[in-house]
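Coordinate inspection notes
Single-letter residue listing:
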Amino acid sequence: MDGLDASGLGETASARRRGLAGLSDDALGERLAALASSLSRLDAAPIAEAAGLPLGEVVASPFALRMVALGLEAGAVARPRELRRLIDWTEALAPEVRDPDHDAWDRGVLRTGKYQAFMAESPVALFDPAHVSKWGPHEMLHRAAGFFFRPGMTRWELYLGARLNELLPVTTFYGAEQAMRLDEGAFEREAAGRRPRARPEDTRWRTDAPAALVRRARESASIFRAGLEHFERELGAIDEELARGVRVRAAHPFLDTSSDATAYVAGHYARLAQPAVARALASHGVDRVERYRDAIEALFDRLLFGVLPDAGDPAAARRVEARDLVLRAAHLGEGVEHDLEPLFDVEDPDVIRVRLPGCIGDEEAALVLLDGSPRGRDVAQLAEGLAQVLPRTVALAPELAAGLAAHAALCDRGPLAERAVRFLEGEGDAARAELARLEAAIATAARDDAIEWLASPEDERSPDALDACELFAHRGVIRLEATHDVASAHAGGGEPSPGAQTLLVAAIGDAVAVVDVPPEVADAIDALRARAAGWTLDPAWARELLASGVLGARPRRPA
């Protein structure tokens, strides 16, 4: 996998970056287009499969693909958050950063504590479907970046190491990885939230004709250059910190990496100082900050210009799996370093899985071994989340969690209920898929302040005087079309019976209304979502929808 053309840019990593940033948009665009053209011919499906990531986010941009390739070279793989039981190390190692919402399901989202969510030293990436698709390559680059660790390190050293660990993943997030990404331009946080998934069919850099590809690459040159410039500001700030021993901030519109690194020290120093954790990390991190700084700069040079492998390394992946298991066990509490001594230098995960119960006991070993790998899926944790949002569906299909756990739909972005729907649809189970879609709508329905606070209360209007009112629709109402009677199945249990149905779902306060309506009534609601107006259909439907909260009313404005 070739990198950017480095010819004429300089002999050192810093010179090559400066030379690249100094190119005109046309010249830089031509090099980006040549890289994209070369990478577009690569079959990325095996790379995505080896990484455990959706293909769409691996090929979202040319540098997303290269970031994932670097992660694979280091042996990293993404573990599904919903199948991986996290060790809550705050209980025993750092109670001052405990988060009561950690590991709790909330409407289909498995919450993770602020500090438990990310450990720079973890050798595996975490696939959390609540994050947007940019997170896949970002996490893999974190693993390629490695980490600084020295037993007995100072808090200041950890601060510098944490900031260096974030340097590449953060600057590429807004720069190199965003350049030529999907059908996008510059990064927009709100737009990313609205489109959490990355679809292969939107990767224009792989399908554009040559002339269109060059135009798009030239348009992306400023995004790419801005990322290079921010890398230089960040690296310069870190070099100044190394020289002066004081914090130095680098300006950025979205983040403050100095503050983030400080928070990392606050949340993780006590954990990293524990003997078992320190023993597990001692031989795997870079033990001098200055060396780690140089390693990060060299890694960025490889990301930009280096020839990278186009396949995973099974041997490296097995070593990472072994390291992950031991590190998980090291977080169980004080004194465990003595129990784990026979395993610290073992690089075969199969050996660790066999020996771990004898070292720490069956119960704690069972927890550690639920690592999210194909041999360590926490299906019970996933089933708990499904039962919360799809109770009727799960009652009819108790095998749903096991099926979804082994299906590609699990490792996608978006609400759990929607991914379960896609799985059921793929299995050809139309009736249960439609029931799950109704339950998903109920779980994700959003409230509308205009309905709850700006509509005239029922005791202030006459139910028979609709001609004196303007009606407006709930902005968050969800329309569902089904071929089975899923409303009755949801209300009373049992398999949905055949029968066409149009449903309107809307959240009102702490309740959710589900109304079975004729298609023409649903059409009228769709029309009212654009602007308030009078009601032209049967007044009985208007009254029912007003009572349910799908409609709101207010006095008609004087002409």
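To start, this report covers the structure provided alongside it. (Residues numbered from 1 in each chain as written. Predicted model: local features only at pLDDT ≥ 70, side-chain atom pairs only at ≥ 80, totals over all residues. Heavy atoms only, no water.)

With respect to the packing of aromatic side chains
- Overall, the coordinates contain eight aromatic pairs when judged by the stated rule.
- Each ring, one from W135 and one from F173, has its centre 5.6 Å from the other, and the planes form 80 degrees; the classification is edge-to-face. With W135 in helix α6 (residues 135-145) and F173 in helix α7 (residues 155-174), the pair connects residues that are 38 residues apart, well separated along the chain.
- By relative accessible area, which is 28% here, W135 ends up partly exposed.
- Judged by relative accessible area, which is 8%, F173 ranks as buried.
- Between the aromatic rings of F173 and Y174, the centroid separation amounts to 5.1 Å while the plane-to-plane angle is 65 degrees, which identifies the pairing as edge-to-face. (Phe/Tyr/Trp six-rings, centres within 6.5 Å; stacked < 30°, edge-to-face > 60°. Helix = DSSP H or I, 4+ residues; strand = E, 2+ residues; numbered from the N terminus. Buried < 20%, exposed > 50% of the residue type's maximum accessible area, 1.4 Å probe, protein only.)

What about the side chain of R271?
- The residue R271 is located in helix α11 (residues 257-272) in this model.
- Ignoring sequence-local partners within four residues, the contact set of R271 consists of W89, L93, M119, E121, Y264, V277 and H331. (Contact = heavy atoms within 4.5 Å.)

Here's the deal with empty space enclosed by the protein
- Per the counting criterion, the structure on display carries four cavities of 30 Å³ or more.
- Considering the residues around the largest cavity, the lining is formed by 17 residues, among which R84, L86, Q116, M119 and S122 are closest to the centre.
- Listing elements by their share of the lining of the largest cavity, those giving two or more residues are β4 (125-127) and α6.
- Taken together, the residues that form the lining of the largest cavity break down as nine nonpolar, four polar and four charged. (1 Å grid on protein atoms, 1.4 Å probe; cavity = no way out; pocket = protein on both sides within 12 Å on 5 of 7 lines; lining within 4 Å. Points joined across faces, edges and corners; volume = space filled by probe spheres on them. Nonpolar A, V, L, I, M, F, W, Y, C, P; charged D, E, K, R; others polar.)

Digging into the environment of A217
- Locating A217 in the fold gives a position in helix α10 (residues 210-244).
- Separated by 152 residues in sequence, A217 and L65 place their C-alpha atoms 16 Å apart.

Examining the layout of surface pockets
- One number sums up the size of the largest pocket: a volume of about 1,100 Å³.
- Taken together, 39 residues line the largest pocket, and the ones lying closest to its centre are F118, W135, H138, E166 and D260.
- Residue assignment for the lining of the largest pocket shows that the elements contributing at least two residues are β3 (109-110), α6, α7, α8 (189-194) and α11.
- Per element, the largest residue contribution to the lining of the largest pocket is seven residues, and it comes from α7.
- For the lining of the largest pocket, the class distribution of residues is 21 nonpolar, eight polar and 10 charged.
- If you go around the second largest pocket, you meet 34 residues; those closest to its centre are A74, P123, F147, H284 and R323.
- Contributions of two or more residues to the lining of the second largest pocket are made by α6, α12 (275-281), α13 (289-305) and α14 (314-330).
- With eight residues, α14 is the largest single contributor of residues to the lining of the second largest pocket.
- By residue class, the composition of the lining of the second largest pocket is 22 nonpolar, five polar and seven charged.

Examining helix α21 (residues 416-426)
- Along α21, the positions that sit buried rather than exposed are L416, A417, R419, A420, V421, F423 and L424.
- Buried residues in α21 make contact with β2 (105-106), α18 (379-389), α19 (391-396), α20 (400-405) and α22 (430-444).
- Where α21 ends, the next residue or the one after it, G428, has phi of about 75 degrees, a positive value.

Here we look at the environment of A120
- In this structure, A120 sits in the loop between β3 and β4.
- On a C-alpha basis, the gap between A120 and Y264 in space is 9.2 Å, while along the polypeptide they are 144 residues apart.
- When neighbours within four sequence positions are excluded, A120 is seen to be in contact with R143, G146, F147, N165 and Y264.

Focus: the packing of helix α2 (residues 25-40) against α10
- For the pair α2 and α10, interaxial distance at closest approach is 7 Å and the crossing angle is 115 degrees. As far as their axial angle goes, α10 and α2 are roughly perpendicular. Crossing hand, α2 versus α10: right-handed. Where α2 abuts α10, its residues D25, D26, L28, G29, E30, L32, A33, A36 and S37 lie against L213, V214, A217, R218, A221, S222, F224 and R225.
- Looking at the contact of α2 with α10 residue by residue, the class counts come to nine nonpolar, three polar and five charged. (Axes fitted to C-alpha atoms, helices over the stretch in contact; angles between N-to-C directions. Parallel < 35°, antiparallel > 145°, perpendicular 65-115°, else oblique. Left-handed = near helix turned anticlockwise from the far one by under 90°.)

Section: unusual backbone geometry
- In the Ramachandran plot, D103 falls in the positive-phi region, its phi being about 65 degrees despite a non-glycine side chain.
- Here D103 lies in the loop between β1 (78-80) and β2.
- Given a relative accessible area of 21%, D103 falls into the partly exposed group.
- Phi at R107 takes a positive value of approximately 50 degrees, unusual for a residue other than glycine.

A word on the pattern of salt bridges
- Counting across every chain of the model gives 56 salt bridges.
- In this structure, the salt-bridge partner of E297 is R17, at a minimum N-O distance of 3.1 Å. One end of the pair, E297, is in helix α13; the other, R17, is in helix α1 (residues 13-21), with 280 residues separating them in the sequence.
- A salt bridge links E321 to R353; the nearest nitrogen and oxygen atoms lie 3.0 Å apart. Of the two residues, E321 is situated in helix α14 and R353 in helix α16 (residues 349-360); the sequence distance between them amounts to 32 residues.
- What emerges from the salt-bridge pattern is a single network uniting R318, E321, D348, D350, R353, D371 and R375. (Salt bridge = Lys/Arg side-chain N within 4 Å of Asp/Glu carboxyl O.)

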